[in-house]
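Structural description and commentary
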Amino acid sequence: MARISGRIGTLILLLLLCAGCGTAGGHVSEQPESTMESAEELYRNALQEDVLVVYTVSTRVVQTKESFESAYPGLAVEVRDLRSPSLIEAVEKEHQSSRPECDVVLCNDNSGQFRQHLVDTGLVVPWLPADIAAHTKDNPDGNGGSFLYEAEMLFYSSLLYDTCPISNLWELTEERFRGRIYMPNPLNSFSTYALCGAMLQHTDELAEAYRLYAGKDLQTAAGETAAECFWRAAAANIIFTNSSDEVIEALSNGDADFGFSVSSKLRYRELGYRIEPVWNLTPFTGCRTSYAVMIAADSRNPNTAKLFIRYIMGETDGKGEGYLPFRTAGTWSARDDVPDGNDVPLSEVDLIVPDQEALILARDKMQTFWSEVIRDSEKQHEEKEN
Amino acid sequence: MSRRFLSCLMILLLLAGCGRTAEPPVLHVALPWSDYVTDVNSNYYIRYLEQRTGLKLECTLIRHRRSEEYLDALFSSEADIDVVMFGNGFQVTREELEAYGDALVTDQGVDHYINSGSVRRSGVGQILWINSRWLMKLGLSIPSTTGELRDVLRAFRDGDPNGNGLADEIPFTGCGEGYAWSPAEFLLNSFVYNDPYHSRYGVNDEADTLMAGTDAFREGLSYVHDLYAEGLIDPAGLSMSGQELCELVNSPADLVGAFTTASISDVIYPGNPEILAKYVHVAPLAGPDGTRNALYVENTPSIGAIITARSTKKKEAALLLETMLEEEASLIARFGEEGVDWDFSEGTDVSVYGGPSTIVTRNYLWNTVQNKHLNGIGPMNVPERYIEGVTWNGINSDTEYINGHAEMSYQTYLPVINRLHERDQKLSEKTDAWLIRFIRGEKDIRSDRIWHEYLDELAH
């Protein structure tokens, strides 16, 4: 009898485990990428679900949350704002612990890490309803799920300059800009990492720009690329920061002449920040970046998640309120039926496009190179202070 | 037979005794209840301290808000408490402790154990935060002068920026519980260096000059009074409690345009990114003649714990508190579990204060609900290099990062301090009271007679 009970117990346990695996395996992962579930249908089902948890790198989503909750009474959204590396780590940890909390991710997808850790592993799933997918622009980054384009690019202080005082990127290596250029630490900022990594793929253009700037060929050390040569020289002038916020602050109050920042910070001009973007520069001013919105494969609220994605993408006609907070200066629409938030079209800005595959392959090299550069930079600053 | 039986019994009893491990000495510790600590009994830091000291800590949570009330109650009772810890708003000063002299352990003049490292040793004492959503909605820039601030506050009052159709906006509020929350103290720094913590004396060469008696101070007060008279400074903000201020700022009704504080976490509730995202810091404002100052504060170590004289385990209590002051324990007390919540930096990160990094935070715990440490309760002694070198872990609502970012824009306007005047408590109380009267208009700041009456009172 005891033996029979034990067997039954084992069977029940196995069944429970299987049931558990099925649940944790994801409500969403088997969904087709584009479906035609209507907003009404999703809303009806969403009302049976729990609070939607959104992991985001953009605080602008808070405004979307507020209008979403008004548009769909009875639904609630919790926003957790994280930087991209932390966001990826959080989703991975939750998946491993089988205690998923995240439903929707809104993340910078340029460094290759988002793709490598979350998309390729199936921890997040691109999902777009067919009526909206029909209006999305092609994304050369190719992850799917892009809902906004931006750039990591050069800005200058309009408190100090009426017009941009340089025309060639190599001018940033000049002694006159010592300590006058601010840039987020590329080891912690995906956008900056993407820019630095993308430059490794554009060494010929950098070498040619140097020839135009200096009137002679660039001399690099053995095995060194033009990009590494540029960054080593420029790093002597750079103050590394935690984020673009500190960069635009320094530009606005005149502590910096130049700074690399995400282009969406251009919206702070409305608050009186004295910053101007450098749209055109030889050979380029920055790199194109994009933001993805996707559903976590472990989402426990898939209907609310889909409804939220419909909403943040502006609904069928792109005119919905959810997309509005993102249509600001320094951003470009991912939809062909929604105008850009920026006056200057993306095609007229001197930007390079990162190759994510190459970025993934170059990760170790980048990590070693930038660790050295930042340590040297900190040493130099310490010596200067002493 | 009975001898054999007794021998067996003896052997059995001896064996039973050998099998039992020695119970660790139990120390009764009272510590204040905190919103940020989920359960002291299973707290990582408490368990670490038990392992390090070999003591069993029986924790009693203090529900009193004021330490004197608790200490009075404790020492008039028979309660078996060996150690009392302070922190997280439940504070005691050295002067207040003197009243309990006989009830405390005093060994070679040491009657308390310090808490140093909850905050930086020195820094900015007051930061202005403004509702950026309201600015955007009204098409306004962040003000940079006192004149621009007046315009912005008027627009806040009249423009219905919260969009509910009601004139319920509070342009600029504060509370009466401390200088850091006072709009007036902040604004006066755009006219003259105003340090209320040092009785409003100047610094360095002017350390003996009472700034509260200068014409510039008077001009600043006139400006503050005008804002008050126009309904731009919240009348309730002169006297309400800190808790009331928090409720107002965190209200989903979106009621507040601006407030000041030493740390944003003193006002915004934890886990509230929506509210945090709304407020941005404003750099010190330039006054009519371009004066702009940031308030410098020195954060002296506070009292972390005391041992009661009635304790029968004074040696064990001292062991616990001295362990807490060691670097290893202090780093747990401040940052959590090494290797999980933080690591020592390899030098490739940037501190939240813009300098070289020493600590890389993995999970930011300070002023969040957690169970890794006591969020600043009890003794600790964190070396300054770790406080200054803490990095941002990437969470936009990390209040230490937000404060650090804000402080950077105040740094330029901080005085370099060589000499400060001692605080004169009586003088401070007199000036504080006069300030309120001037701001409310109960005394006319523009009347020379009244001004001299004020100066006379300060002089005596």
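Residues numbered from 1 in each chain as written. Chains lettered and ligands numbered in written order. Predicted model: local features only at pLDDT ≥ 70, side-chain atom pairs only at ≥ 80, totals over all residues. Heavy atoms only, no water.

1. Observations concerning the domain arrangement of chain A
All names here are of chain A. What counts is decided by this rule: What counts as a domain boundary in this text is fixed by an automatic or database domain assignment. We call two residues in contact when some of their heavy atoms are within 4.5 Å. Two parts placed together each lose some accessible area under a 1.4 Å probe, and the buried area is that loss summed for both. One speaks of a salt bridge when a side-chain nitrogen belonging to Lys or Arg is within 4 Å of a carboxyl oxygen belonging to Asp or Glu. Secondary structure follows DSSP: runs of H or I at least 4 residues long count as helices, runs of E at least 2 residues long count as strands, and numbering of each begins at the N terminus. By the convention adopted, Pro, Cys, Tyr, Trp, Phe, Met, Ile, Leu, Val and Ala count as nonpolar, Lys, Arg, Asp and Glu as charged, and the other residues, Gly among them, as polar.
Looking at the assigned domains, one finds that chain A contains domain 1 (28-148 + 290-345) and domain 2 (151-287 + 349-385). Spacing between the C-alpha centres of domain 1 and domain 2 amounts to 30 Å. If you look at the interface, domain 1 gives 26 residues, while domain 2 gives 21 residues. Together, the buried faces of domain 1 and domain 2 total about 2000 Å²; carbon and sulfur atoms form 54% of this surface. Linking domain 1 with domain 2 are one salt bridge. The shortest N-O distance in the salt bridge between glutamate 357 and arginine 115 comes to 2.6 Å. Those elements giving two or more residues to the side of domain 1 that touches domain 2 turn out to be α4 (84-97) and α5 (113-119). Examining the composition of the side of domain 1 that touches domain 2, we find that four residues originate from one element, α5, more than from any other. A class-by-class count of the residues in the side of domain 1 that touches domain 2 yields nine nonpolar, 12 polar and five charged.

2. Looking at the sheet that holds strand β11 (residues 302-307) of chain B
Residue and element names in this part refer to chain B. Operational definition: Any two strands between which DSSP finds at least two bridges are classified as paired.
Strand order in the open sheet made by the six strands is β2-β1-β3-β11-β4-β14, with mixed pairing throughout. Looking along the sheet, the strands with just one partner apiece sit at the ends: β2 (56-62) and β14 (380-381). By the bridge criterion, seven bridges tie strand β1 (residues 26-32) to β2 in an arrangement that is parallel. Within the sheet, the bridge partner assigned to leucine 31 lies in β2 and is leucine 61.

3. A few points about the packing of aromatic side chains
To keep things clear, this is the line we draw: To pair, rings of Phe, Tyr and Trp, with the six-membered ring standing in for Trp, must have centres within 6.5 Å; the planes then decide the type, stacked if under 30 degrees apart, edge-to-face if over 60, and tilted in the middle. For every residue, the accessible area obtained with a 1.4 Å probe (protein chains only) is divided by the maximum for its type, and the residue is called buried under 20%, exposed over 50%, and partly exposed between those limits. In this scheme, Lys NZ or Arg CZ marks a charge over a ring once it lies within 6 Å of the ring centre and within 35 degrees of the ring normal.
Summed over all chains, the structure comprises 36 aromatic pairs over all chains. Geometrically, the ring pair formed by A:Phe230 and A:Trp231 is edge-to-face, given 5.0 Å between the ring centres and 70 degrees between the ring planes. Accessibility expressed as a relative area gives 0% for A:Phe230, which makes it buried. Considering the side-chain rings of B:Phe259 and B:Tyr279, the 5.0 Å spacing of their centres and the 70 degrees angle between planes classify their relative orientation as edge-to-face. Taken as a pair, B:Phe259 in strand β8 (residues 256-261) and B:Tyr279 in strand β9 (residues 279-282) lie far apart in primary sequence, 20 residues in all. Accessibility assignment for this pair places B:Phe259 and B:Tyr279 in one class, buried. Three or more aromatic residues joined by ring pairs form one cluster here, namely A:Trp170, A:Tyr210, A:Tyr213, A:Phe230, A:Trp231, A:Phe240, A:Phe260, A:Phe369 and A:Trp370. The residue whose ring lies beneath B:Arg334 is B:Trp366, and the NZ or CZ to ring-centre distance is 3.9 Å. In this structure, B:Lys372 packs its charged tip against the face of B:Tyr44, placed 5.8 Å from the ring centre.

4. Regarding the interface of chain A and chain B
Short version of the rule: Here a polar contact is taken to be a pair of N or O atoms separated by no more than 3.5 Å, where protein atoms must pair a possible hydrogen donor with a possible acceptor and residues adjacent in sequence count only if both atoms sit in side chains.
Listed as interface residues are 32 residues of chain A and, on the opposing side, 31 residues of chain B. Carbon and sulfur atoms make up 50% of the area that chain A and chain B hide from each other, which totals about 2700 Å². In terms of surface lost to chain B, no three residues of chain A exceed A:Asp81, A:Asn242 and A:Leu271, which account for 23% of the buried area on that side. The salt bridge involving B:Glu274 is made with A:Lys65; its shortest N-O contact spans 3.1 Å. Applying the counting rule to chain A against chain B returns 12 residue pairs in polar contact (both at pLDDT 80 or more). Looking at the side of chain A that touches chain B, the elements that each hand over two or more residues are α3 (61-71), β2 (77-81), α4, β7 (238-241), α10 (244-252) and α13 (363-385) of chain A. Ranked by residues supplied to the side of chain A that touches chain B, first place goes to α13(A) with five residues.

5. Remarks on the nonpolar core
Selection criterion: Throughout, nonpolar core names a set of buried Ala, Val, Leu, Ile, Met, Phe, Trp, Tyr and Cys residues whose side chains join them through atoms within 4.5 Å.
Membership of the largest hydrophobic core comes to 146 residues, with the highest contact counts inside it found for A:Phe114, A:Phe147 and B:Leu187. Look past the residues within four positions of B:Leu187 in its chain and what remains in contact with it is B:Leu149, B:Phe172, B:Tyr223, B:Val224, B:Leu227, B:Ile233 and B:Leu285. In this structure, A:Trp231, A:Phe240, A:Leu359 and A:Val373 belong to the second largest nonpolar core, which totals 44 residues.

6. Concerning unusual backbone geometry
Residues and elements named next belong to chain A. Each neighbour pair has its own omega, and for threonine 282 with proline 283 the value is 0 degrees, a cis peptide bond. In this structure, glutamate 315 takes a positive phi of about 65 degrees despite not being glycine. By the element assignment, glutamate 315 lies in the loop between α11 (302-312) and β11 (332-333). Residue glutamate 315 is classed as buried on the basis of its relative accessible area of 17%.

7. Here's the deal with the pairing of strand β3 (residues 104-108) of chain A
Residues and elements named next belong to chain A. Most of β3 is tucked away, with five of its five residues classed as buried. Here β3 shows no split at all, with Val104, Leu106 and Asn108 on one side and Val105 and Cys107 on the other all buried. As paired strands, strand β1 (residues 52-56) and β3 are joined by three bridges and run parallel to one another. Paired with tyrosine 55 across the strands is valine 105, a residue of β3.

8. Thoughts on the environment of A:Ile248
Residue and element names in this part refer to chain A. Turning to its location among the elements, isoleucine 248 is positioned in helix α10. You can call isoleucine 248 buried: its relative accessible area is 1%. On a C-alpha basis, the gap between isoleucine 248 and threonine 136 in space is 31 Å, while along the polypeptide they are 112 residues apart. Apart from residues no more than four positions distant in its own chain, isoleucine 248 is found in contact with Ser261, Lys265, Tyr268, Tyr273 and Ile275.

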